[in-house]
Amino acid sequence: RYDMERIALGLPRVLPFGPGFGWDKPLSAGYNPKLKGFSFRPRNMQIGPRTIFQGEVIDTDRLTRNKHNLLNALARGYLEHTNGSLVKITMDVLGNTIEANKGNINQDLYGNIHNDGHNIIGSLPDPYMIYDVGIGVMTHAATAPRDPVFFNWHKFIDHFFDIFRRSQEPYDSNDLYLKEIEVKSIGTISYDLPSATLKRSNRLYTFME
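All values derive from a computational prediction rather than experimental measurement.

1. Here's the deal with the pattern of salt bridges
Part 1 of the reasoning: With the rule as written, the count across this model stands at 10 salt bridges.
Part 2 of the reasoning: Of the charged contacts in the structure, one is a salt bridge between Arg-13 and Asp-3, with a shortest N-O distance of 3.7 Å. One end of the pair, Arg-13, is in the loop between α1 (2-8) and β1 (50-53); the other, Asp-3, is in helix α1, and 10 residues separate them in sequence.
Part 3 of the reasoning: Given the relative accessible area of 13%, Asp-3 is considered buried.
Part 4 of the reasoning: Linked through salt bridges whose partners overlap, the residues forming this network are Asp-3, Arg-13 and Lys-155.

2. Here we look at the side chain of His-114
Part 1 of the reasoning: Residue placement: His-114 occurs in helix α5 (residues 113-122).
Part 2 of the reasoning: A residue is classified by how much of its surface remains accessible, and His-114, at 11% relative accessible area, is buried.
Part 3 of the reasoning: Not counting chain neighbours up to four residues away, the residues in contact with His-114 comprise Ile-98, Glu-99, Trp-153, His-154 and Ile-157.

3. Overview of helix α6 (residues 149-166)
Part 1 of the reasoning: Here α6 is 18 residues long and its end C-alpha atoms lie 25 Å apart, about the 26 Å a rise of 1.5 Å per residue gives.
Part 2 of the reasoning: All buried positions along α6 are accounted for by Val-149, Phe-150, Asn-152, Trp-153, Phe-156, Ile-157, Phe-160 and Phe-164.
Part 3 of the reasoning: Of the surrounding secondary structure, the elements contacted by the buried residues of α6 are α2 (60-76), α3 (91-99) and α5.

4. Remarks on the packing of aromatic side chains
Part 1 of the reasoning: The full count for this structure, using the stated rule, is seven aromatic pairs.
Part 2 of the reasoning: Summarising the aromatic geometry, the rings of Phe-156 and Phe-160 are spaced 5.4 Å apart at their centres and angled 75 degrees between planes, so their arrangement reads as edge-to-face. Here Phe-160 and Phe-156 lie together in helix α6, a separation of four residues that amounts to about one turn.
Part 3 of the reasoning: Of the residues examined, Phe-156 reaches a relative accessible area of 1% and is grouped as buried.
Part 4 of the reasoning: Using a relative accessible area of 1% as the deciding quantity, one classes Phe-160 as buried.
Part 5 of the reasoning: One cation-aromatic arrangement involves Lys-88 over Tyr-78; the distance from NZ or CZ to the ring centre is 5.8 Å.

Conventions adopted
Residues numbered from 1 in each chain as written. Predicted model: local features only at pLDDT ≥ 70, side-chain atom pairs only at ≥ 80, totals over all residues. Heavy atoms only, no water. Salt bridge = Lys/Arg side-chain N within 4 Å of Asp/Glu carboxyl O. Helix = DSSP H or I, 4+ residues; strand = E, 2+ residues; numbered from the N terminus. Buried < 20%, exposed > 50% of the residue type's maximum accessible area, 1.4 Å probe, protein only. Contact = heavy atoms within 4.5 Å. Expected span 1.5 Å × (residues − 1). Phe/Tyr/Trp six-rings, centres within 6.5 Å; stacked < 30°, edge-to-face > 60°. Lys NZ or Arg CZ within 6 Å of the ring centre and 35° of its normal.

And the structure:
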């Protein structure tokens, strides 16, 4: 969606930012959320060798290893389970493993790459938690999309899913056709608007904070 909005405005697609994609160079974009409890990030900050986040030490090189292990697994079509067995990759299995949630296959091998990246970037102003300047919005799911680098990081994460998607057979009409379902109409209604007169169907209203 973000790429489509940029293309619609005549802007280029967003570029990935992550291990192998500018990770070893200063992050040129700064950001000040102007939110209580969150720190700002000056321009051209360099990601260091490690970050301390909520008492956990995140080794920056660990993300590079996790990336290579995921790419190797995608090339084979299988993830290696902690018990040594091979698990065929599906979109759900891949998502669970990248997210390192309950359904992850092998966190020791594939890490917690998505969340670790968020926390490394969000901790850039004070990666060793020395100066008590607060953390950035990238460390919280509710605030992370405020930071433009969110989309660069997620373009990197999307790269894994795109590799898997391209390895699959395309859908045909039988995969998409559900004969038991008939769509008669589609519409949208906006709620929580300041005036009842605005609550008309098929209208989209946007607001600035």
